[in-house]
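Chain residues, written in single-letter form:
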Amino acid sequence: MIAAYRRWKRLHPAGPLDYTRKWPMQLTLAATFIFLYAPILILILFSFNDSRRNIVWRGFTTKYYEKALGNESLIEAFVNSLTIAFVSTIVSTILGAMVAILLWRFRFPGKAGYEGGMALPIVIPEICLGVAMLAFFARIGWPTDLPWPLNLGNIIIAHISFSFPFAAVVIRARLAGFNRELEEAARDLGASEWETYRDVVLPYLKPGLVAGALLAFTLSLDDFVITFFTSGPDTVTFPVKVYSMVRFSVTPEVNAASTVLIVITLFLTAIAMRVQNRSAKRD
Amino acid sequence: MESWRSTPRVFWAVFSAPSFWLVAFFLIPLSLIWAYSFGEKTGIIDIAVTGTLDNYIRAFEPVYLQIFTKSLWIATLSTLICLAVGLPVALTIVYAPPKAKPWLLLLVILPFWTNLLIRTYALIAVLRTRGYVNFGLEWLYDQASWLFQIVGLGGLGAAILGERFEPVEILYNNGAVLIGLVYVHLPFMVLPLYAALERLDRSYLEASLDLGAGQFQTFWRVIVPLAMPGIVSGLIITFIPTLGSFLTPDLLGGPDSTMIANIIERQFKSANDWPFGSALSFMLMYLTFGALALRAFLGRGRSSGLEA
Amino acid sequence: MTDAIIEIADISKAFPGGVRAVDAVSLSIREGEFFALLGPSGCGKTTLLRMIAGFETPTEGAIRIDGVDMAGTAPNRRPVNMVFQSYAVFPHMSVAENVAYGLKMDGVAKPEMARRVEDALALVRLDGFDGRKPDQLSGGQRQRVALARALVKRPRVLLLDEPLSALDAKLREAMQLELVNLQKSVGITFVVVTHDQDEALSMADRIAVMETGQVRQLAPPAELYEHPNSRFVAEFIGKMNVIEATASDGVLTGPGLGVIARAPDLGDGPASVALRPEKIRLNMAPTPALGKDEAEIEGTVTTVSYHGAESHIYVDAGEGVLLSATVQNAERDAAHRVKRGDRARLCWRLADALVLKE
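This structure is a prediction, so every number in the text was calculated from the model and none was measured.

Next up on the list: the overall build of chain C. When its secondary structure is counted, chain C shows eight helices and 20 strands. Across its three principal axes, chain C shows a C-alpha extent of roughly 75 × 50 × 40 Å. Expressed as a percentage of its 358 residues, the buried residues of chain C come to 52%. Put simply, 66% of the contacts in chain C that link residues at least 6 apart link residues at least 24 apart. With the model as given, the accessible surface of chain C reaches about 16,000 Å², and the carbon-plus-sulfur share is 49%.

Put into structure tokens, the structure is as follows:
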């Protein structure tokens, strides 16, 4: 392996801009990636450690996964998180696509201000949106005793509010590369306005929609701060649950549950990226 | 681009729903706390909007002013650390072999897809007194004192290293907050820098080398000035979430590591002083807008000379 | 060669993935000459230039400049300077700052720097442009800045990567002349990379024609044009008619065409005969007295393409032989005399036909 690399290095001597081949840069890169990944990898590794004290390796076990699976409130939080993310993603993607098409296609009075308004949820600090949502739902008297899943409604609304402008940005970026002559060609060949959208614009937009949906999903699943202010005792999400657990101690169960969430998000990301790559290659 | 009048039906179809949402579930909630920030508490949950400026005046009391300056200072410092680390990382990735490039980029983006809370939690496990960093240090201590024993200088070793290993308090202080903020926000910095450097024609770098400049001179005299719009973007994009961060100081910080978001949370969750919390929220928002305005201002001054 | 300034010995460059961009090239460039590396895109000419400058490191072989092996010498320590294809004039510096950049790096004292910058700008006729920013300059002016910036360092060799490709046609022609004059007046060795054979022929003292990483022929322009050593060079430089012929007893006959060329030393078998269009005469009537050393064939005009000063007449001689002849439009309305479908006779001196062994 090392010998093969040495041979490769001899065959391909480094040029002056091949920074990946210079040791100070390699060191920086390696240190950065270790810094970024070591904590997560250690977390995953020690979710399999057969010790409560969580420090010394005492052998492989999956008992903390069983424990986490047996922890009803943890599972409930998990299901809540996925439900919220699912609904929020669908609505955010649709709203985001509408905004993207609106801003891409139309000129209208006050457009610059409208764009600025749409960018607000992206730029304002999470904490501000969180407390605003808290005050808003308290003020309108949002009922707190709804049956599941309706009781997640306020969290879902809050999540959509900060997700769909992000989705709009991603979808609009894709639309920007659209050749409008394709649309005109479809119209020229006899397609109606709606048929043109269905047959030409939407298929082109698909990778953008996938990317926007993925972003909305991750934002929702990832969110702690805004949920923290909108969730009640019966509507705990996974991050909120982990937060309350972490405040007390570091336990292998949290490691196990976190590992499951990491795997789920990585899995979904990988699928979405594949879908995106495939449609991107077709263009 | 066409006027909305040419196809009003399509226009209203895509305009109405998102606009309604933005107004109903974003602008109205924000306006509500904006109104609250000029209000007074009249009962446990009752607030009367009286138009008072007391909440804002209170925010300028030394206790809070100090938290504001401290937040700005911590956010600035961690943003600059991100820049110092992010620039060489982005530069290296831009000039990496074409095959390695998407993978290195993926490694930078991947933490984005990992839950913030999980990452913060992972950092706690590493940094706490019985965590892996201290474990590593203890191991180093043991090796060093063992070496001293071997060469017969055990006493000297104890004098230098101490009688026994004392775990370093890394967690629950300002340093931990700084580490955590850099850890969380580094990808925010690397991506805009990468985008800016990627756009930079490599022959500028080569021309500089060709004319006799070394790598360092090329970096300072050519790369940094030409990548300045990207650097400014990266600074602002990193600075804004850093300034408003709640989780990192809350979980990693000590009693004196409170940042703006933490006192806002306290007003809403425990102190139950919503008007004051609202005023603090808007002060944080104004700071954010200030940073954005600065970016727009710097961007305008720079772009004219660079789009050539 | 004693007066070689750059000595390239058996140099190769393989890129990751296995592409051999430059494959065992050896050549030497003489002091004070205008040398061109010519070839189609992807032939390795730019890689070779970049290896001389130090931006690519050769996989094998050595480059010596003034007898010094350049292996391991960084680009900023080599006695060569480069004019980049995109010019790479720093957009954040003024014209004067751009030109002074290299001198500053060498630690040249301020007064001398100012004088040399001024001289360099005068040399490329940009006096008075010192304070301008690159985005206030035209493409041609930016190129002059790039030239001044490189020449002000008084390099032993100036490397130019496709220097004229970003300019429009009119300006390109003027710059060709100017570059040659500049090179003669400063006396610095120029090595220029180009894919444009016209450019190479008109500017260079010697040209190396490259294909797939190797040098096919190295010769002065006229020799390259009149005596190409291979079919590739023959077809790459200028226009060329190639007829698949058969050699026997020292004469070559085309398919149904009779004797079209002579090659006393050539063995029997198939060979190619190459003919420049401008060496072919077009007669509409039968030639009264065909010389002994001349060939003539008859065919039908298929296309007349008019180019102003000259016309290209394409004649189908049967058996898949399609020849083009260049006719000077020396008289007004001369072009209209030949029409599609006319019978025509093409003749040339046997000595003008070139026999290629490949």
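Attention now goes to the interface of chain B and chain A. Chain B puts 86 residues into the contact, and the matching count from chain A is 88 residues. Summed over both sides, the interface between chain B and chain A buries roughly 8,000 Å², with carbon and sulfur atoms accounting for 77% of that surface. At the boundary of chain B and chain A, one finds two salt bridges. Across the salt bridge formed by arginine 105 of chain A and glutamate 2 of chain B, the nearest N and O atoms sit 2.9 Å from each other.

Attention shifts here to the packing of helix H5 (residues 116–127) of chain B against helix H6 (residues 132–150) of chain B. Residue and element names in this part refer to chain B. Orientation of H5 relative to H6, taken along the N-to-C sense of each, is 25°, at an axis distance of 4 Å. Taken together, the axes of H5 and H6 lie roughly parallel to each other. Residues Ala125, Val126 and Leu127 of H5 pack against Tyr132, Val133 and Asn134 of H6.

Quick look at the packing of aromatic side chains now. Two measures describe an aromatic ring pair: the distance that separates the ring centres and the angle between the ring planes. The final tally for this structure, using the stated rule, is 40 aromatic pairs over all chains. Centroid distance tryptophan 4 of chain B to phenylalanine 11 of chain B: 5.2 Å. Interplanar angle 45°. Geometry classified as tilted. Each residue in the set Phe106, Phe108 and Tyr114 of chain A together with Trp4, Phe11, Trp12 and Phe15 of chain B is aromatic and connected to the rest through ring pairs, giving one cluster. Stacked on the ring of phenylalanine 229 of chain A, the Lys or Arg lysine 269 of chain B has its end atom at 5.6 Å from the ring centre.

Residues and elements named next belong to chain C. The grouping of Glu118, Asp119, Asp127 and Asp130 at the surface amounts to a negative patch. Secondary-structure assignment places aspartate 127 in the loop between helix H3 (110–123) and helix H4 (139–151). For aspartate 127, a relative accessible area of 51% translates into the label exposed.

One frequently used descriptor of interface size is the decrease in accessible area upon assembly of the parts. Contact with chain C, which involves 24 residues of that partner, is made by 23 residues of chain B. If you sort the residues of chain C by the area they bury against chain B, Asn76, Pro91 and Met105 of chain C come out on top, with a joint share of 27%. Glutamate 206 of chain B is paired through a salt bridge with arginine 50 of chain C; the nearest N and O atoms lie 2.7 Å apart. For the interface between chain C and chain B, the tally reads 10 residue pairs in polar contact (both at pLDDT 80 or more). Elements with a contribution of two residues or more to the side of chain C that touches chain B: helix H1 (45–53), strand S6 (80–83), helix H2 (95–105) and H4 of chain C. The element contributing the most residues to the side of chain C that touches chain B is H2 of chain C, with four residues. Partitioning the side of chain C that touches chain B into residue classes produces 14 nonpolar, five polar and five charged.

Glancing now at the environment of alanine 24 of chain B. Residues and elements named next belong to chain B. Structurally, alanine 24 is set in helix H1 (residues 8–36). Overall, alanine 24 belongs to the buried group, its relative accessible area being 12%. The spatial distance from the C-alpha of alanine 24 to the C-alpha of tyrosine 194 is 37 Å, given a sequence separation of 170 residues.

Let us look at the sheet that holds strand S9 (residues 206–211) of chain C. All names here are of chain C. Ordered in space as S6-S7-S8-S3-S9-S10, the six strands form an open sheet in which the pairing is mixed. Of all strands in the sheet, those with a lone pairing partner are S6 and strand S10 (214–219), marking the two edges. The average angle at which neighbouring strand axes cross in this sheet is 20°, direction not considered. Examined bridge by bridge, strand S7 (residues 157–161) and strand S8 (residues 189–194) share five bridges and lie parallel to one another. Bridged to leucine 159 within S8 is valine 191. Packed on one face of the sheet, H4 meets S6, S7 and S8 and runs near 175° to S6.

Turning our attention to the sheet that holds strand S4 (residues 60–65) of chain C. Residues and elements named next belong to chain C. Strand order in the open sheet made by the four strands is S2-S1-S4-S5, with antiparallel pairing throughout. The sheet is open, and its two borders are formed by strand S2 (20–30) and strand S5 (68–69), each paired with just one other strand. When strand S1 (residues 4–14) meets S4, the two strands line up antiparallel, connected through five bridges. Pairing of isoleucine 8 across the sheet is with isoleucine 63, part of S4. Sitting on the sheet, H1 is in contact with S1, S2 and S4, with an inclination near 120° to S1.

Scoring rules and cut-offs
Residues numbered from 1 in each chain as written. Chains lettered and ligands numbered in written order. Predicted model: local features only at pLDDT ≥ 70, side-chain atom pairs only at ≥ 80, totals over all residues. Heavy atoms only, no water. Helix = DSSP H or I, 4+ residues; strand = E, 2+ residues; numbered from the N terminus. Buried < 20%, exposed > 50% of the residue type's maximum accessible area, 1.4 Å probe, protein only. Contact = heavy atoms within 4.5 Å. Areas by Shrake-Rupley, 256 points an atom, 1.4 Å probe, with all protein chains shown as cover. Buried area = accessible area lost by both parts, 1.4 Å probe. Salt bridge = Lys/Arg side-chain N within 4 Å of Asp/Glu carboxyl O. Axes fitted to C-alpha atoms, helices over the stretch in contact; angles between N-to-C directions. Parallel < 35°, antiparallel > 145°, perpendicular 65-115°, else oblique. Phe/Tyr/Trp six-rings, centres within 6.5 Å; stacked < 30°, edge-to-face > 60°. Lys NZ or Arg CZ within 6 Å of the ring centre and 35° of its normal. Patch = residues over 30% accessible without salt bridge, like charges linked within 9 Å, V, L, I, M, F, W, Y side chains within 5 Å. Lys, Arg positive; Asp, Glu negative; His and termini not counted. Charge placed at Lys NZ, Arg CZ, Asp CG, Glu CD. Polar contact = N/O pair within 3.5 Å; in protein donor to acceptor, adjacent residues only side chain to side chain. Nonpolar A, V, L, I, M, F, W, Y, C, P; charged D, E, K, R; others polar. Pairing = 2+ DSSP bridges.

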